[in-house]
Every structure is written in C-alpha cells, then in structure tokens.
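Spelled out from the first residue to the last, the chains are:
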Amino acid sequence: MVGTPRFRFAPSPTGYLHVGGARTALFNYLLARKHGGRFVLRIEDTDEARSTPEATEQILRALSWLGINWDEGPGVGGAPLEPGQVPSDPEGCKASYFQSDRAPLHRELAMRLWREGKAFYSHTERAGELKFDEVHRNLTLEEQEKLLREHGGRLPLKLKVPRDQVVEFEDRIRGRVRFNTEDIGDFIILKSSGSPVYNFACVVDDYTMGITHVVRGDDHLANTPKQLLVYQALGFEPPQFCHVPMILGPDGKRLSKRHGATEVLHYREMGILPMAMVNFLALIGWHGPDPDREEYFSMTELLAEFDWEGLGRSPGVFNLEKLLWLNGRHIRHLSDEEYLEKLMPYVPAGWRERFEEAYLREIALLEKERLRTLAEFEEKTRYFFEDKFPFDERALAKQITENERAGEIFAALHQALGELGEEEFQSEERLEEVLRGVAEELGLKFGKVAQPLRVALTGGAASPSIFSVVRLLGRERVLGRVGKFISPQGENPR
RNA sequence: GGUCCCUUCGUCUAAUGGUUAGGACGCCACCCUUUCAAGGUGGAAAUGCGGGUUCGAUUCCCGCAGGGACCA
C-alpha cells in the first residue's frame, strides 16, 4: 500500500490512559508526523461491560493534554457506519472511530469467511480445549447450519487455521518473527453472542481504515500471528508491524498501580508539564541520533529527530526521578510569561485573590529555578501568603531552640530592622547592609545570622535569598515573626 | 504448563569483532554561595552465567539463568 502512511492508536476505554499507552500513542504520533502520514485514533469499545463513555472522555483529554493530536478520530471526521456496510467503500469504512459502531462490518466479514469455508461454528466454546477442532472444521455448510440451529443460533465462529504452517513477518524493531500455527490452533473470531473478538475486529478495522503501520506494545506480539492469519483469510494485505518494548515498574514487573501513579492525568495534577512528560516517555525505548546530546527535547526537536532508527528492543523502567528532573528543566526553559501562565492553576485561589499580582509574580519567579513540579509551589511558598505555616522541626531546633545565641540574634535583628522604614525595606541592598552589620556586631559569620532568620521567617532552612524574603514579606510581617523568637531560651529552654 | 520476547552502570541508554565500554538521571566530592536550588568541575558505578567460533567477543553461535508478555 503506497501513499500516505497511516498510523493509529487504538485504546480500550475501560479505564484511564496509562503511561504505557501514552507512550505508544506518542510514538505513533511522532512517526506519523515524521513521515508525512496521518495519525488515527480509534476507540476499541467492543467490551460493552467494561467500556465507559467517561473513560473515552478521559483518554481523549489525556492525549490532548500531552499535545498528541489525532488527524482522524472522535470529533475529527467520521460518522456512524451504516449496518451492512462493507469495505467496497473504503472511505465509508473509515467513518466511525468507535469500534462498536463497526460491529456490522465485523459480522459481515466474519460471515463471508464462513461462507467461503474459512471459518466454522464450533460448540467447544472454550478456546484451547483442543487446538484444532478436526470434527467441526470439516463439516459442510449445511451440517454447520443444522448444528447452529440445534444450539439456538448461538455458537462461536472460529477461524479455520491451516495446520503446520509457519506464519512470519518482519517486525520493524525485532526483525523476522516466526510462529507455527500448530501452537496457535483454530481460534474464535465471533463469540456466540455475535460480537467480534479483539484479534478479528482489530484486523478488520485496521485494514478498512487503511492503516499501513501498526505500532503497539510488545504485549501484542503474540497476537500478531493470529491477526496475520485473519488478514490471510480475508485476503487483505497486512500492514507493517512494529512492537515497542513495554514500560516496567521499578521492580521490573509490568507498570501498574502499585508502583504509584500510572494515570497520565495524575501527572498533570502533580504539576508535570505535558512536554516534560512527552520528553520523558520518548526517552524510554528510544534514543536520538547523537548520544552526547542533552536529553532535553522540545516537541519540535522530537519531531525532527524521532525515527525508527532510535527505537530499542528492551523494556524500560519508569524512573520518576528522571521525570522530575526533566520537568525542572522544562520549567526553567519556559519564558517567564509562559511559566506564570502554567503555574497559575496550581496557586491557591485565595492567594490570588488576597495578594497583588506583582507580589505573586515576584515570588513565582524566585521559585522558578527551584521547582521540580508546579504543584510544589504551594507548599514551598506558604510562608509568603499565610501567617500560619509549618516549621521544619530539625531546622527549628538547630537554628533556634538549640542555638544558645538565638535570643540575642533575634533581639539584634529586631532592633536593627526596626530602625528601617517601609521604604528601606524595599531595598535589598540596604537590607543586606543592615543584616551583615548585625552579624558583624555580634561577631558572627553572616550565615549564623541568616539561617536563624530564615527559619523564623519561612519555617525552614531552605528558601530563596534571605534579602528577597525579607523585602517581600515587608516590615510588619518580618518584625512580627522575628519578635516571637527574641527570647526563645526563656520560653522554651532546651 | 505451552509459545514468544528481552538481558551494557541502581535506572534510561550509546558503541564496537580490538575503545581508558561513551552520555544522562540518581549518588558522592569540590567550586559558586546567606540556605536551598540552579549552574560548573570531578568521582564511584555496567557488558547475567557457562560453553564455543576467533589471534582477539561485551559484540557472532549454542546452552543456562533471570525477567517479561501472550495463551491456557
């Protein structure tokens, strides 16, 4: 099939989009863009019991959040399929991107296989009871109709799989892969309820949607020979397959909930930037052409550099630390304006109401170098917005309650800072002068004064520049907070 | 249990029939510094095991082990 390459991502809406699925979607998206192709999104909602509209909605939202936009799929082109529509009308068959809409087509083609003697009814419902059903697969159509009637029209339809044949294909990542049909056996394509089985619906849809490249997780590798047999029976030309390795949890097992968040949208709540997530996912199972290149990628850079060549074959462990690091890189890479815009949803509404935008902005920019996630902002800057904020026990002990000179230091600070007017509080230069003066006066290194002050003002041992903190907090709040610690020894003897 | 897939620092990965096995996260140290970050410099850290083929294997082949997936 020459022409525009067509890639697809086909999730089942039985739950949220997890990171493994997101990565598969991303690879397809990048490959489609790279090769001037189309990226198709198909919702495989054939499992009626477990599929929900909410899950579909969630998946679409997650993909959109990541910036993985589909050229065709829900909301983009398409209409429900007419009952009985067959692939003589290929455009029409692309019409619906919900697999459930396509059931008539699946049934139609399954029946065609039956009429052609390539599929048969069997009452050994449970697959695997016997690999090859030598009795039923050899019945004539008439005999099968009779059998079907005897079972009230409810029998599964199985594909008649040729015996002792090698099914092989060229996988884009793994090279030649071979299976023997003796290990596969006849398998169900239509359940007794009349609904198609995954391996059948998938083939019909991929083919009728004109998919040329099937890039999916290698958990599907063992499905591929079965699908190839379906292509063969239907007389359809198969697409090119590419099985990407899976993403594992830190214990080397398939990534699952017990490893922490596997839900893509959960990372949005954590304050991960979508582009950081994309960057991170791209780096599992793929590497760029230049091994010494830094690992930061923008979408533009990914689109330029991503290709088949960099794809690897061994599974990768999801490394949260690296994601957080990359997220920090992406945060710092944002322009100030972009950063502020992206940060705002993570700033408590009350803070935005009660404080001036300029104040918020300054604090936000002070933290820009320090954040690994946007959600961290709230806990890291609470002392700027609330008078009640938590104290780090160890810092409090070290710098204040167990510091013999704390009372003296705070008295001197209170005295010296108290002498400054509101205006002088706005000059970090002036503040530095005064604070260094206090240290000198007490015969202490500057840090010995700055740290207790930092703890008193922020509750912790780490913060932006102490001068910025003092300035932004302002005279009143600084004197208030310092005042409380003037005689800690007296109040709180150790 | 059957079939298939995978195996380089803790993790993501690069490379080659001959290299000091490279980069990145994390870790450690140092620099910067009022702290924490950020940034910079340096360091520790890997070819699963056993056989072959070969002058030489981490690379090719075979077994094993471990992990994973699918089917049951």
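**Side note on helix H2 (residues 53-66)**
One turn of the α-helix equals 3.6 residues, which is why residues spaced by three or four share an orientation. Counted at 1.5 Å a residue, the expected span for H2 with its 14 residues is 20 Å, and the 20 Å between its end C-alpha atoms agrees. Looking only at H2, the buried set comprises Ala55, Thr56, Ile59, Leu60, Ala62, Leu63, Trp65 and Leu66. On the buried face of H2, the contacting elements are strand S1 (6-9), helix H1 (19-34), strand S2 (38-41), helix H8 (264-269), helix H9 (274-282) and helix H10 (299-305). In the stretch just after H2, Gly67 is the one whose phi turns positive, near 85°.

**Comments concerning the packing of aromatic side chains**
With the rule as written, the count across this model stands at 21 aromatic pairs. Residues Phe7 and Trp308 carry aromatic rings whose centres are separated by 6.1 Å and whose planes lie at 35° to one another, so their mutual orientation is tilted. Taken together, the positions of Phe7 in strand S1 and Trp308 in the loop between H10 and strand S11 (316-317) put the pair 301 residues apart, joining distant regions of the chain. Like Trp308, Phe7 is buried. Summarising the aromatic geometry, the rings of Tyr383 and Phe384 are spaced 4.5 Å apart at their centres and angled 35° between planes, so their arrangement reads as tilted. Both residues of the pair, Tyr383 and Phe384, count as buried. Three or more aromatic residues joined by ring pairs make a cluster, and in this case those are Trp351, Phe355, Tyr359, Tyr383, Phe384, Phe385, Phe389, Phe391, Phe410 and Phe485.

**Focus on the pattern of salt bridges**
Under the criterion given, the structure shown has 36 salt bridges. Note that Glu378 is salt-bridged to Arg382, the shortest N-O span being 3.0 Å. Of this pair, Glu378 and Arg382 both sit in helix H15 (residues 376-385), four residues apart, which is roughly one turn of the helix. Look at Arg382 and you get partly exposed, because its relative accessible area is 24%.

**With respect to the protein's contact with RNA strand B**
Contacts to RNA strand B come from 44 residues, most closely from Lys253, Gly285, His287, Arg454 and Ala461. One nitrogen or oxygen atom from the main chain of Ala461 is found 2.5 Å from a sugar or linking oxygen belonging to RNA strand B. Sorting the residues of the surface near RNA strand B by element identifies S11, helix H11 (320-333), helix H19 (446-458) and helix H20 (466-483) as the ones contributing at least two each. Per element, the largest residue contribution to the surface near RNA strand B is five residues, and it comes from H11. Grouping the constituent residues of the surface near RNA strand B by class yields 18 nonpolar, nine polar and 17 charged.

Parameters at a glance
- Residues numbered from 1 in each chain as written.
- Chains lettered and ligands numbered in written order.
- Predicted model: local features only at pLDDT ≥ 70, side-chain atom pairs only at ≥ 80, totals over all residues.
- Heavy atoms only, no water.
- Helix = DSSP H or I, 4+ residues; strand = E, 2+ residues; numbered from the N terminus.
- Expected span 1.5 Å × (residues − 1).
- Buried < 20%, exposed > 50% of the residue type's maximum accessible area, 1.4 Å probe, protein only.
- Contact = heavy atoms within 4.5 Å.
- Phe/Tyr/Trp six-rings, centres within 6.5 Å; stacked < 30°, edge-to-face > 60°.
- Salt bridge = Lys/Arg side-chain N within 4 Å of Asp/Glu carboxyl O.
- Near = heavy atom within 4 Å.
- Polar contact = N/O pair within 3.5 Å; in protein donor to acceptor, adjacent residues only side chain to side chain.
- Nonpolar A, V, L, I, M, F, W, Y, C, P; charged D, E, K, R; others polar.

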